[in-house]
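In case you want the letters, here they are:
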Amino acid sequence: MAEELKLFRTWSSVFALRIVWALKIKGVEYETIFEDLSNKSPSLLQYNPVHKKVPVLVHNGKPIAESLVILEYIDETWRETPLLPEDPYERAMARFWAKFGDDKVLTSIVWGVFFKEGKEQEEAMLEAMEHLQFLEDELKGKRFFGGERIGFVDLALGWLANMISIFEEVAGLKMVDEDKFPLLAAWMQEFADSPIIKDNWPPRDKMIAKFQALRDAKLAAAASK
Amino acid sequence: MASGAMQEEQVKLLGIWVSPFVKRVEWALKFKGIEYEYVEEDLTNKSSLLLTSNPVHQKVPVLLHNGNPIVESLVIIEYIDENWKQNPILPQDPHERAKARFWANFIEQKITEATRTALVTEGEQQEKVVKELKEAMEVLEGEAAAKLNDKTLFFGGKNGLGYVDIVLGWICNWVEVIEEVGGFKVLDPQKQPHIHKWMANFVEVPLIKPTLLPKEKMVVYFQMVRQAYLGLAAKK
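Computed from a predicted model, the values in this text were never measured in an experiment.

A.B. asks: Help me understand the overall build of chain B in this model?
C.D. replies: A tally of regular secondary structure across chain B gives nine helices and four strands. Helices and strands appear in chain B in the N-to-C order β-α-β-α-β-β-α-α-α-α-α-α-α. Relative to the globule expectation of 18 Å for 236 residues, the C-alpha radius of gyration of chain B, 19 Å, shows essentially globular dimensions. Each of the three principal axes of chain B carries a C-alpha extent, and together these read 65 × 45 × 30 Å. The buried share among the 236 residues of chain B stands at 51%. In chain B, the share of contacts with a sequence separation of at least 24, taken over all contacts with a separation of at least 6, comes to 69%. Measuring between centres, the 28 positive side-chain charges of chain B sit 2 Å from its 32 negative side-chain charges.

A.B. asks: What is the right way to read the interface of chain B and chain A from this model?
C.D. replies: Buried accessible area, meaning the area lost when the parts come together, often serves as the stated size of an interface. The partner chain A presents 26 residues to the 25 residues of chain B that form the contact. For the chain B and chain A pair, buried surface summed over both sides reaches about 2200 Å², with 69% attributable to carbon and sulfur atoms. When the area that chain B buries against chain A is broken down by residue, the three leading residues are V56(B), H95(B) and F102(B), summing to 26%. Remark: the boundary between chain B and chain A carries seven salt bridges. Across the pair R101(B) and E72(A) runs a salt bridge, and its minimum N-O distance is 3.3 Å. For the pair chain B and chain A, the number of links is nine residue pairs in polar contact (both at pLDDT 80 or more). Looking at the side of chain B that touches chain A, the elements that each hand over two or more residues are β4 (68-71), α3 (73-83) and α4 (94-119) of chain B. Per element, the largest residue contribution to the side of chain B that touches chain A is 11 residues, and it comes from α4(B). By residue class, the composition of the side of chain B that touches chain A is 13 nonpolar, six polar and six charged.

A.B. asks: I tried to follow the nonpolar core on my own but got confused; where do I start?
C.D. replies: Among soluble globular proteins, nonpolar side chains are generally buried collectively. I109(A), L135(A), L184(A), W187(A), L63(B), W198(B) and F222(B) are the most contacted members of the largest nonpolar core, which has 161 residues in total. Ranked by the residues each element gives to this core, the list is headed by helix α4 (residues 88-114) of chain A, at 13 residues. Leaving out residues up to four positions away in the same chain, F222(B) has contacts with V18(B), L119(B), W174(B), V177(B), I178(B) and V181(B).

A.B. asks: I keep staring at the sheet that holds strand β3 (residues 56-59) of chain A and nothing clicks. Help me out?
C.D. replies: Consider a sheet: its strands pair through backbone hydrogen bonds, and that pairing is either parallel or antiparallel. Residues and elements named next belong to chain A. With mixed pairing, four strands are arranged side by side in an open sheet as β2-β1-β3-β4. Since the sheet does not close on itself, it has two edges, and those belong to β2 (31-34) and β4 (62-65), each with one partner. The average angle at which neighbouring strand axes cross in this sheet is 20°, direction not considered. The pairing of strand β1 (residues 5-9) with β2 spans four bridges and is classified as parallel. Considered in β2, the bridge of L7 is made with T32. The strands touched by helix α1 (residues 14-25) are β1 and β3; relative to β1, the strand with the most contacts, the crossing angle is about 150°.

A.B. asks: Would you mind going over helix α1 (residues 20-31) of chain B with me for this structure?
C.D. replies: Residues and elements named next belong to chain B. With 12 residues, α1 ought to run about 16 Å at 1.5 Å a step, and its terminal C-alpha atoms sit 16 Å apart, in line with that. A large share of α1 lies buried, amounting to 11 of its 12 residues. The opening residue of α1, the one whose side-chain oxygen lies 3.1 Å from the backbone nitrogen of F21, is S19. Immediately beyond the C-terminal end of α1, within one or two residues, lies G33, with a positive phi of roughly 70°.

A.B. asks: Sorry if this is basic, but what is going on with the pairing of strand β2 (residues 37-40) of chain B here?
C.D. replies: Taken residue by residue, a regular strand's side chains alternate between the two faces of the sheet. All names here are of chain B. One ladder, built from four bridges, connects strand β1 (residues 11-15) with β2; its direction is parallel. Its bridge partner lying in β2, L13 is registered against Y38. With α1 bridging β1 and the parallel β2, this β-α-β connection has right-handed handedness.

A.B. asks: Whenever I open this one, the sheet that holds β1(B) confuses me. Can you help?
C.D. replies: All names here are of chain B. A sheet is described by the order of its strands in space; here four strands give the open sequence β2-β1-β3-β4, paired in mixed fashion. Each end of this open sheet is capped by a strand with a single partner; those strands are β2 and β4. Within the sheet, the average angular offset between the axes of one strand and its neighbour, ignoring direction, is 20°. Across four bridges, strand β3 (residues 62-65) lies against β4 in antiparallel orientation. Pairing of V62 across the sheet is with V71, part of β4.

A.B. asks: What is the right way to look at a positive patch on the surface in this model?
C.D. replies: Taken together, K40(A), K52(A), K53(A) and K110(B) make up a surface patch of like positive charges. By relative accessible area, K40(A) is classed as partly exposed at 30%.

A.B. asks: Even after reading the chapter, I still don't get the domain arrangement of chain A, so can you show me in this structure?
C.D. replies: All names here are of chain A. Here chain A is described as being made up of domain 1 (5-77) and domain 2 (88-223). Measuring from the centre of the C-alpha atoms in domain 1 to the corresponding centre in domain 2 gives 22 Å. Tallying the contact residues gives 14 residues for domain 1 and 21 residues for domain 2. There are two salt bridges connecting domain 1 and domain 2.

A.B. asks: Would you explain the packing of helix α5 (residues 118-138) of chain A against helix α8 (residues 182-193) of chain A in this entry?
C.D. replies: In helix packing, the relevant descriptors are the interaxial angle and the interaxial distance, both defined with respect to the helix axes. Residue and element names in this part refer to chain A. Between α5 and α8, the least distance of the axes is 8 Å, while the angle of their chain directions is 75°. With respect to their mutual orientation, α5 and α8 come out roughly perpendicular. On α8, the residues that touch L132, L135 and E136 of α5 are P182, L183 and L184. Broken down by class, the residue content of the contact of α5 with α8 amounts to five nonpolar, no polar and one charged.

Quick notes on the rules
- Residues numbered from 1 in each chain as written.
- Chains lettered and ligands numbered in written order.
- Predicted model: local features only at pLDDT ≥ 70, side-chain atom pairs only at ≥ 80, totals over all residues.
- Heavy atoms only, no water.
- Helix = DSSP H or I, 4+ residues; strand = E, 2+ residues; numbered from the N terminus.
- Rg over C-alpha atoms; globule rule 2.2 N^0.38 Å.
- Buried < 20%, exposed > 50% of the residue type's maximum accessible area, 1.4 Å probe, protein only.
- Contact = heavy atoms within 4.5 Å.
- Lys, Arg positive; Asp, Glu negative; His and termini not counted.
- Charge placed at Lys NZ, Arg CZ, Asp CG, Glu CD.
- Buried area = accessible area lost by both parts, 1.4 Å probe.
- Salt bridge = Lys/Arg side-chain N within 4 Å of Asp/Glu carboxyl O.
- Polar contact = N/O pair within 3.5 Å; in protein donor to acceptor, adjacent residues only side chain to side chain.
- Nonpolar A, V, L, I, M, F, W, Y, C, P; charged D, E, K, R; others polar.
- Core = buried A, V, L, I, M, F, W, Y, C linked by side-chain atoms within 4.5 Å.
- Pairing = 2+ DSSP bridges.
- Axes fitted to C-alpha atoms, helices over the stretch in contact; angles between N-to-C directions.
- Expected span 1.5 Å × (residues − 1).
- Right-handed = clockwise from strand over helix to strand, strands pointing away.
- Patch = residues over 30% accessible without salt bridge, like charges linked within 9 Å, V, L, I, M, F, W, Y side chains within 5 Å.
- Areas by Shrake-Rupley, 256 points an atom, 1.4 Å probe, with all protein chains shown as cover.
- Domains from an automatic or database assignment.
- Parallel < 35°, antiparallel > 145°, perpendicular 65-115°, else oblique.

Pasting the structure below:
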């Protein structure tokens, strides 16, 4: 029976990248549809009417939205190379850290540190450092957050492995100091160099240009208030 | 003395009486018929158990299962569902599960967060978030209109209560209270007939009804919270 699997994404979305990684890790074939978010396709609007965002995975015509929800769907539907552990307690821990990554780490680094400057940025940096310390502690004795191999939490946090250096270059400050966060820095390197992961990063120069423009726009908007 | 065939489960829930997040976990435990010990925390003087169980957020609810802590209400509910197989909370089918999780996330991001913000803001800031809250309720009303009818009273479908119902249920007790304290209105039976019908059915469910909280007591509590936040904001 032919499976129809489509992934709606953009070239730069790190949330969509989570899905690319998961599908490739599991060896699942799929079709990619690149969206232009300034000109959303009728399909995207039909498949994700609530948020009108990417990523959206459409499996045999049925859409799933929200990247962590999609990851769980993928793990439940294609059972080889599991992303989440078997044990309910370990699964709860994985979900906790993935949520922590999105709610706290991403929010403080992107909205707090990267898109701000001056005192606001300094305060956000302190908060971000606290969050990163929790991740550092969680990596003790582990190669990946998932243990010996990449798992759910690694995919959820994987954006760090690429975006931190881009943010550091554009904003001109260090966020993950290898002396302060040796395990996290090592994990970022190991994750970034892993097969599948290393072949799927968006082009760095395009990302730098994009995020430079975004940062300039945000700072200008804030200054004009 | 137990026969030794099965280790006795020790389930403890750390909470505060007025938290909708704690209430959800209680509903999930009761739905599954799980025996548990409830511990009322004093958040102005957090117990060492709370601090060691939830070092990252230092918040309730915390579920302790045989001493192992699980935190974050949605994570706890999924743990409960996966660990105790009777009376499933989430659907079996992966696509239906994904839809349930999608709506749970929507409720959390667009309704729960927004209500919390509306409680602790005023003026323009509050107006903005109340507008967003109204829009979110409209979206939810759309989903309710699509899914619920005279035969299907709950988002859980044919089986009665499900994940989305348990995640959304707090609105029945809390929103009216927070509206009163915050001085705004989002609930509108004219604009949200399906949500209101769902609310009327939800509060009548036998396991839910006895858990509902006295509104006057809640108003006093949330008035204190609002004053505290507005006081802090004024100082900045």
